[in-house]
Amino acid sequence: MSALPDNKTVNNLVVGLGRTGFSVARHLLARGESVSVVDSRSQPPLLERLRAELPAAVWLGDLPEAFSPEFQRVVVSPGVPGNTPLLARAREAGAEVLGDVELFARQVQAPVIGVTGSNGKSTVVSLLGHLAADADTRVVVGGNLGPPVLDLLEQKADLFVLELSSFQLESTNDLNADVGLVLNVVADHLDRYSGMDDYVAAKARLVAQSRVAVLNRDDQRVRAMAENAEQCIFFTEREPGPGEFGLRQVGQAEWFARGDELLAPISQLPLAGRHNALNVLAALACLEAMGRPLEPVLDRLPSFRGLAHRMQRVASDDGICWINDSKATNLGATQAALAGLQTPVILIAGGQGKQQDFTELAPTLRDSVRALVLLGEAQEEIAAVVPSDLPIHRVGDMEAAVACARALAQEGETVLLSPACASFDQFAGFEERGRAFIAAVQAGEGGP
């Protein structure tokens, strides 16, 4: 189509009809505003539901070549790049271009903790939801994890904890979060960004829109964001300085600590992987920034069980531990998973590479992995950088990967699915990939 038709009753254009686009349309219509939706796909996933439930005009197919000035506001879904020509023409025409998180920020009445980072967001958001909730505090979590943010406004909450992707932050200008947490920044989504500086800048937008920034002292890119923070609390895997959260060695045990104050032994953490200790420190720093007393928070720590597909213990048989870390869709996530394990590892990896530089993975493979099982589109990219003395086994699907790993693994070792890649070459998402791994492990299909 060449242009969207002029229509004086329409003032909102929603770009993208996925979960976010549907929630935006429903939210705006409930406020008495008019909505049109455009999607480049001929059959977006929520098309029939939209037509059945909402009085919104819909245009499908190629995005329009011209922008109608009748639209005063354009709400863009996270999957739509900010440099899409339609959005550029909307800005030129003077229309407001924003995302659903910005709309949420204009309506929310309760405090907000925003969480971003390349890895660990979902775990930390869920952990914060678990630790902060008590008889007097209703905590609602969502965003990039769980329900879209505008759907959260329908719930009564004393605190919102939002997982925020770089895509969402691109179109958010005035979140005004009480706390903004940046966990880490490693190479990811470079098929969307012009380079690392562009990607880091998107993550850093959260710091500028938060009253207190909670930042990873050990990550150079994240630490540099403190320059633009109104107030800052650091967390670190090392010994903390005054006012910081970190780890302290006491005899044979390590403790979570705030400055010189010991808080709890890390043995209370039920999750596998040392990186999860860092996640706990980040969560504690956020709650400190919110003025929450930490003693009752620490009492709830042992009961947190983590997320499916993130360092999830699947089985332990014949002295072999099987761990599902399917949510590890980039190099940093897999590096963190391997660094947190103390046993020799049979690693199952591969999928869609997302233009990552896999040479960064080689030192971790050399230190932690006894054998490597590769599947998916990127297996040759990964194989090209593997240390020459590391055995490589190429397979076609997940059942074959698990069977191969079962034949290789020995007592006292761990079989870890941590792909370092996206899943869309063979699966609908990392969840389906993780379920396939679990099913194959539980089926006990062995043999080389």
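Residues numbered from 1 in each chain as written. Predicted model: local features only at pLDDT ≥ 70, side-chain atom pairs only at ≥ 80, totals over all residues. Heavy atoms only, no water.

- The name an unreviewed UniProt entry gives the chain is UDP-N-acetylmuramoylalanine--D-glutamate ligase, with Natronospira proteinivora as the organism.
- As stated in UniProt under Subcellular location (unreviewed entry), the record for the chain gives "Cytoplasm". (UniProt positions renumbered as here; feature names shortened; annotations may be inferred.)

**Focus: the overall build of the chain**
- When helices and strands are tallied, the chain shows 16 helices and 20 strands.
- Taking 2.2 N^0.38 as the reference for a compact globule, 448 residues should give roughly 22 Å; the C-alpha atoms of the chain span a radius of gyration of 23 Å, in line with that estimate.
- For the chain, the C-alpha atoms occupy an extent of roughly 70 × 50 × 40 Å along the three principal directions.
- Looking at the 448 residues of the chain, the share that counts as buried comes to 57%.
- The long-range fraction of contacts in the chain, counting pairs at least 24 apart against all pairs at least 6 apart in sequence, stands at 63%.
- Surface exposure of the chain reaches about 18600 Å², of which carbon and sulfur atoms provide 46%.
- Where the 38 positive side-chain charges of the chain centre and where its 56 negative ones centre are 3 Å apart. (Helix = DSSP H or I, 4+ residues; strand = E, 2+ residues; numbered from the N terminus. Rg over C-alpha atoms; globule rule 2.2 N^0.38 Å. Buried < 20%, exposed > 50% of the residue type's maximum accessible area, 1.4 Å probe, protein only. Contact = heavy atoms within 4.5 Å. Areas by Shrake-Rupley, 256 points an atom, 1.4 Å probe, with all protein chains shown as cover. Lys, Arg positive; Asp, Glu negative; His and termini not counted. Charge placed at Lys NZ, Arg CZ, Asp CG, Glu CD.)

**Examining the nonpolar core**
- Ranked by internal contacts, the top residues of the largest apolar core, which has 40 residues, are Val115, Leu128, Leu181, Phe235, Phe245 and Phe256.
- If one sorts the elements of this core by residue count, helix H10 (residues 275-289) sits on top with eleven residues.
- Look past the residues within four positions of Leu181 in its chain and what remains in contact with it is Gly114, Val115, Thr116, Val124, Leu206, Val214, Phe235, Ala282 and Cys286. (Core = buried A, V, L, I, M, F, W, Y, C linked by side-chain atoms within 4.5 Å.)

**Description of empty space enclosed by the protein**
- Following the criterion strictly, the structure yields three cavities of 30 Å³ or more and no others.
- Counted as a void, the largest cavity has a volume near 50 Å³.
- What lines the largest cavity is simply Thr123, Leu271, Ala272, Asn276, Gly306, Leu307, Arg310 and Met311.
- Residue classes in the lining of the largest cavity are distributed as four nonpolar, three polar and one charged. (1 Å grid on protein atoms, 1.4 Å probe; cavity = no way out; pocket = protein on both sides within 12 Å on 5 of 7 lines; lining within 4 Å. Points joined across faces, edges and corners; volume = space filled by probe spheres on them. Nonpolar A, V, L, I, M, F, W, Y, C, P; charged D, E, K, R; others polar.)

**Observations concerning the packing of helix H5 (residues 121-132) against H10**
- Interhelical geometry of H5 versus H10 gives an angle of 50 degrees and a closest axis separation of 10 Å. Relative to H10, the element H5 is oriented oblique. In terms of crossing hand, the pair formed by H5 and H10 is right-handed. Facing H5, whose interface residues are Thr123, Val124, Leu127, Leu128, Leu131 and Ala132, H10 presents Asn276, Asn279, Val280, Ala283, Cys286 and Leu287. (Axes fitted to C-alpha atoms, helices over the stretch in contact; angles between N-to-C directions. Parallel < 35°, antiparallel > 145°, perpendicular 65-115°, else oblique. Left-handed = near helix turned anticlockwise from the far one by under 90°.)

**Describing the packing of aromatic side chains**
- Counting across every chain of the model gives two aromatic pairs.
- Ring centres of Phe104 and Phe160 lie 5.3 Å apart, and the angle between their planes is 90 degrees; on these two criteria the pair is classed as edge-to-face. In this pair, Phe104 sits in helix H4 (residues 100-107) while Phe160 sits in strand S8 (residues 159-163), placing the two residues 56 residues apart along the sequence. Just as Phe104 is buried, Phe160 falls in that class too.
- Aromatic side chains Trp322 and Phe437 sit 6.3 Å apart centroid to centroid with 50 degrees between the ring planes, which places their arrangement in the tilted category. In this pair, Trp322 sits in strand S16 (residues 320-324) while Phe437 sits in helix H16 (residues 430-443), placing the two residues 115 residues apart along the sequence. (Phe/Tyr/Trp six-rings, centres within 6.5 Å; stacked < 30°, edge-to-face > 60°.)

**With respect to unusual backbone geometry**
- Look at Asn176: it is not a glycine, yet its phi comes out positive at around 55 degrees.
- Structurally, Asn176 can be placed in the loop between helix H7 (166-170) and strand S9 (177-182).
- Residue Asp318 is not a glycine yet carries a positive backbone phi of 55 degrees.

**Some points on the packing of helix H15 (residues 398-408) against H16**
- It is the contact of H15 with H16, at a shortest axis distance of 9 Å, that shows an interaxial angle of 50 degrees. In terms of their interaxial angle, H15 and H16 are classed as oblique. In the crossing of H15 with H16, the sense of the turn from one axis to the other is right-handed. Between H15 and H16, the residues in contact are Met398, Glu399, Val402 and Arg406 and Arg433, Ala436, Phe437, Ala440 and Val441, respectively.
- Among the residues making up the contact of H15 with H16, the classes are represented as six nonpolar, no polar and three charged.

**Topic: the pattern of salt bridges**
- Across all of its chains, the model carries 23 salt bridges by this definition.
- Between Asp39 and Arg41 there is a salt bridge, and its shortest N-O distance comes to 2.8 Å.
- Given a relative accessible area of 3%, Asp39 falls into the buried group.
- Of the charged contacts, one joins Glu237 and Arg274 as a salt bridge, the two residues approaching to 2.4 Å between their closest N and O atoms. Here Glu237 is found in the loop between strand S11 (232-235) and strand S12 (245-250), whereas its partner Arg274 is found in the loop between strand S14 (261-265) and H10, with 37 residues between them in sequence.
- Overlapping salt bridges bring together Arg31, Glu33, Arg73, Glu96, Glu102 and Arg106 as one network. (Salt bridge = Lys/Arg side-chain N within 4 Å of Asp/Glu carboxyl O.)

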